[in-house]
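# Structural features, examined
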Amino acid sequence: MKHLIIKILLFIPFIAISQELLINTSNRNTTSLNGTWNYIVDPYETGYYNYRYEPYDQQLQNNNAAFYNNYHTTNKLELVEYDFDKSLTLTVPGDWNSQYEKLFYYEGTIWYKRSFDYTFSNENNRLFVYFGAINYKAEVYLNGKKLGTHEGGFTPFNFEVTEIVKPTNNYLVVKVDNKRYKEAIPTINTDWWNYGGITRDVKLIEEPKTFIQDYKVQLKKGASKIISGYVKLNNGFANEEVTISVPELKINKSFITDEKGTIQFEINTKNISYWSPESPKLYDVFIKTTQQSLKDEIGFRTIETVGPDILLNGKSIFLRGISIHEENAMRGARAYNDADALVALNWAKELGCNYVRLAHYPHNEHIVKLADKMGMMVWEEIPVYWTVDFANEKTLNNAKNQLGEAITRDKNRAAIIIWSMANETPPSDVRNTFLKNLINHSKSLDDTRLLSAALEKHYKDGFNIVDDEIGNYLDIVAFNQYTGWYGGSLEDAPNAKWNIKFNKPVVVSEFGGGALQGLHGTKNERWTEEYQEYLYEQNLKMIEKIPNIRGTSPWILNDFRSPKRVLPGIQDGWNRKGLISNHGIKKKAFFTMQNFYKKIELQYQ
Ligand code: GCB
């Protein structure tokens with residue numbers, strides 16, 4: 001009996017909640033946990049639920065079957081039915097679908113395990129484990145103790161492990177579950193591959209006792225000569241000195257924390273070289289406390305709308321964009337690193353873009369940082385896609401949480417000019433309430449970006465009408481339309497009539513059609529490059545005439561994997577609307593779009 005009680009006490013799970021996000025992790029003191037992880041496929045979640053379907057980690061009494069214990073026994077009588085160390089391995093970061101053929105269509109639970117040793121560089125320091133993203137739901141355990149749960153496949157999260165980590169033989173176990181469900185964000189139905197796994201970087205982050213957790217250093221809304229924002233210390237206290245310096249601008253100012261360990265600041269400055277696509281100037285910015293100095297590279301620019309105009313640093317611009325999924329089409333896999341980001345953004349540059357729509361969820365931080373460096377403006381979006389469960393409060397909180405994590409991570413990137421709330425959601429009262437909630441949340445976290453959402457148009461009495469009520473609350477009225485693909489005549493497209501109910505900048509956030517690269521025919525044969533080319537020509541003639549048009553982001557840069565696209569010999573599991581094939585070959589329509597952007601660039605000089 002005594003033995004049993006001790007055993008029970010030993011395995012009482014340590015339940016923690018997801019902790020506040022650390023930003024700018026690439027400039028912190030980190031140890032990568034990328035690489036080879038063991039995995040166990042567990043479709044019945046045997047490692048998580050007992051035979052009464054009760055989660056082990058929520059009971060007092062535990063059991064060796066729970067995979068997160070990574071139990072090793074020398075007692076040959078004991079029943080242990082798993083062994084990570086003898087299991088196969090997956091590479092992290094990376095989706096599992098593209099790594100083993102048998103996991104290609106898998107949707108369910110896979111357990112990941114990685115062992116590591118750790119030596120603190122200073123014994124008073126603290127340690128965090130950070131995940132760039134896990135799709136979709138993660139339960140994280142270190143040395144058999146639960147660190148917490150995270151839901152949402154495209155945003156980062158971290159847990160403190162200071163009290164749990166040991167010098168040697170730590171075992172980090174993550175239950176990753178990518179099952180789709182109706183109340184999730186996104187919901188069951190999407191037109192992209194539901195790549196599962198630890199899809200982004202994993203790292204340990206060592207920090208001093210009191211450290212810089214989060215900060216915002218941006219031009220103040222409506223002011224081109226005031227840098228403003230905040231710095232938030234973790235375990236902070238009052239009267240700590242925080243210094244912000246931007247050597248190139250001769251800024252070096254100190255501020256004193258309030259009782260919450262935060263500062264709010266405003267710094268007047270002049271002679272800023274403003275960030276723009278033509279000149280993507282980033283300044284070294286240092287945030288210092290007595291314990292730490294954290295560097296970032298930050299660009300300063302203003303973005304606002306006046307009537308139908310989008311003004312970047314006061315000058316009217318046209319968003320010459322392209323939509324992009326977070327996929328390396330040539331690998332047929334989730335994109336996750338700088339090299340993948342460079343391929344995509346180089347193509348966008350070649351197309352003549354100054355802007356990309358990162359659809360339909362927050363992409364990894366590598367591409368956002370690269371956009372900052374390359375001078376590519378960014379629309380960042382959360383996966384409130386099609387028919388999410390708008391009436392469900394948990395669904396709303398989940399969407400708010402994902403939006404919050406995206407904004408927290410990326411708010412210091414000059415490249416980000418638009419936060420998008422949703423894509424093609426059907427108007428209704430509950431939908432409106434849901435989106436208004438997201439809009440307010442977004443404004444409370446960051447008032448310096450423009451807000452938008454990809455809406456829809458409808459057709460009545462000879463007019464294309466854009467009148468979605470939510471447009472009243474957005475800065476940019478964006479809508480998707482597929483004339484010549486899902487309906488509508490290409491012949492007539494250039495003469496289409498428009499009725500857009502808002503005096504705001506208008507962006508066509510999607511248009512396009514499918515073509516199998518290398519398939520040729522006449523402009524009237526679907527799936528040929530010629531049809532796609534003609535579709536682009538006619539759509540562009542139409543788009544040019546849309547009142548207040550200030551941007552386009554055609555669908556899409558590359559062919560991308562989608563289980564919805566089953567036409568044999570043509571689609572074979574790929575959405576073929578790419579301007580570039582999954583072998584990296586440009587289709588004819590790429591050059592149609594390129595020519596259009598050359599013309600637009602001259603118009604907006
Ligand atoms: C859309 C969606 C996009 C789809 C695309 C298509 O309107 O926003 O996610 O992939 O259409 O190809 O049908």
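Residues numbered from 1 in each chain as written. Predicted model: local features only at pLDDT ≥ 70, side-chain atom pairs only at ≥ 80, totals over all residues. Heavy atoms only, no water.

Moving on, we get to the overall build of the protein. On a plain count of helices and strands, the protein comes out with seven helices and 36 strands. Here the C-alpha radius of gyration of the protein, 25 Å, is about what a compact globule of 605 residues would show, namely 25 Å. Across the 605 residues in the protein, those meeting the buried criterion constitute 60%. At a minimum sequence separation of 6, the contacts of the protein that also span at least 24 residues come to 72%. Counting only carbon and sulfur atoms, one obtains 51% of the accessible surface of the protein, whose full area is about 24500 Å². Of the side chains in the protein, 71 bear a positive and 72 a negative charge, and the two mean positions are spaced by 2 Å. (Helix = DSSP H or I, 4+ residues; strand = E, 2+ residues; numbered from the N terminus. Rg over C-alpha atoms; globule rule 2.2 N^0.38 Å. Buried < 20%, exposed > 50% of the residue type's maximum accessible area, 1.4 Å probe, protein only. Contact = heavy atoms within 4.5 Å. Areas by Shrake-Rupley, 256 points an atom, 1.4 Å probe, with all protein chains shown as cover. Lys, Arg positive; Asp, Glu negative; His and termini not counted. Charge placed at Lys NZ, Arg CZ, Asp CG, Glu CD.)

Turning our eyes to something else, we now look at the site of the ligand. Close to the ligand lie 14 residues; D191, Y385, E424, Y486 and K577 are nearest. Separating an oxygen atom of the ligand from a side-chain N or O atom of E424 is a distance of 2.3 Å. Within the side chain of Y482, a nitrogen or oxygen atom sits 3.2 Å from an oxygen atom of the ligand. Its free accessible area being 320 Å², the ligand has 96% of it covered by the protein chains. Looking at the shell around the ligand, its residues break down into five nonpolar, four polar and five charged. (Near = heavy atom within 4 Å. Polar contact = N/O pair within 3.5 Å; in protein donor to acceptor, adjacent residues only side chain to side chain. Nonpolar A, V, L, I, M, F, W, Y, C, P; charged D, E, K, R; others polar.)

It is worth spelling out the nonpolar core at this point. Core analysis: the largest hydrophobic core is formed by 103 residues, its most contacted members being V384, M421, F434 and L438. With seven residues, the top contributor of residues to this core is helix α6 (residues 529-544). Sequence-distant contacts of F434, that is, excluding residues within four places in its chain, are made with I185, V384, V388, D389, F390, T395, L396 and A399. Membership of the second largest hydrophobic core comes to 31 residues, among which are L33, Y39, V92 and F159. (Core = buried A, V, L, I, M, F, W, Y, C linked by side-chain atoms within 4.5 Å.)

Here the focus is the layout of surface pockets. Taken as a whole, the largest pocket holds about 540 Å³ of empty space. In terms of lining residues, the largest pocket is bounded by 32 residues, among which D214, Y230, T408, K411 and L445 are the most central. Taken together, the elements giving at least two residues each to the lining of the largest pocket come down to β8 (157-160), β11 (211-219), β12 (226-234), α4 (393-410) and α5 (429-445). For the lining of the largest pocket, the leading source of residues is α4, giving six residues. (1 Å grid on protein atoms, 1.4 Å probe; cavity = no way out; pocket = protein on both sides within 12 Å on 5 of 7 lines; lining within 4 Å. Points joined across faces, edges and corners; volume = space filled by probe spheres on them.)

It is worth spelling out unusual backbone geometry at this point. The peptide bond linking V92 to P93 adopts the cis configuration, its omega dihedral lying at 0 degrees. Within the secondary structure layout, P93 lies in the loop between β3 (89-92) and β4 (109-116). The residue after I185, namely P186, is reached through a cis peptide bond having omega 0 degrees. Positive phi, close to 55 degrees, is recorded for E45, a residue that is not glycine. By secondary structure assignment, the location of E45 is in the loop between β2 (35-41) and β3. With a phi close to 50 degrees, N313 is a non-glycine residue in the positive phi region. By secondary structure assignment, the location of N313 is in the loop between β19 (309-312) and β20 (315-317).

With that settled, consider the pairing of strand β34 (residues 549-552). As paired elements, strand β21 (residues 319-320) and β34 share two bridges and run parallel to each other. Looking at the pairing, L319 lines up with G551 of β34. Between strand β33 (residues 506-510) and its parallel partner β34, the chain crosses via α6, and the hand of that crossover is right-handed. (Pairing = 2+ DSSP bridges. Right-handed = clockwise from strand over helix to strand, strands pointing away.)

Let's shift gears to the confidence of the model for the protein. When pLDDT is averaged along the protein, the result is 95, and 96% of the positions lie at 70 or above. Below a pLDDT of 50 lies the segment residues 1-18, which in the model reaches 25 contacts outside its immediate sequence neighbourhood of four places, other chains included. (pLDDT = per-residue confidence, 0-100.)

Now for the packing of helix α2 (residues 338-351) against helix α7 (residues 588-603). A pair of packed helices is captured by two measures, namely the crossing angle of their axes and the spacing between those axes. Between α2 and α7, the least distance of the axes is 8 Å, while the angle of their chain directions is 60 degrees. Relative to α7, α2 is oriented oblique. Residues W347, E350 and L351 of α2 lie in contact with α7, whose contacting residues are F590, M593, Q594 and Y597. (Axes fitted to C-alpha atoms, helices over the stretch in contact; angles between N-to-C directions. Parallel < 35°, antiparallel > 145°, perpendicular 65-115°, else oblique.)

This brings us to empty space enclosed by the protein. Enumeration over the complete set of coordinates arrives at three cavities of 30 Å³ or more. For the largest cavity, the calculated volume is near 190 Å³. Broken down by secondary-structure element, the contributors of at least two residues to the lining of the largest cavity are β22 (323-324), β23 (327-328) and α2. At five residues, α2 tops the list of elements feeding residues into the lining of the largest cavity. When grouped by side-chain class, the residues that make up the lining of the largest cavity number 12 nonpolar, six polar and three charged. In this model, the second largest cavity occupies a volume close to 130 Å³. N135, Y136, R180, P186 and N194 are, among the 13 residues lining the second largest cavity, the residues nearest its centre. Its residues assigned to classes, the lining of the second largest cavity comprises six nonpolar, five polar and two charged.

Quick look at the pattern of salt bridges now. If you walk through the whole model with that rule in mind, you get 38 salt bridges. A salt bridge links D468 to R431, with the shortest nitrogen-to-oxygen separation between them at 2.5 Å. Separated by 37 residues along the polypeptide, D468 in the loop between β30 (463-466) and β31 (477-480) and R431 in helix α5 bring together distant segments of the chain. The burial state of D468 is the same as that of R431; both residues are buried. Where salt bridges share partners, they join E45, K175, D177 and K179 into one cluster. (Salt bridge = Lys/Arg side-chain N within 4 Å of Asp/Glu carboxyl O.)

Pairing is antiparallel across the open sheet formed by three strands, whose spatial order is β11-β12-β15. Both outer strands of the open sheet, β11 and β15 (262-268), are each paired with one neighbouring strand and no more. The sheet shows a mean angle of 15 degrees between the axes of neighbouring strands, taken without regard to direction. Strand direction decides the pairing type here: β11 and β12, joined by eight bridges, are antiparallel. Directly across from Q218, in β12, lies its bridge partner S228.

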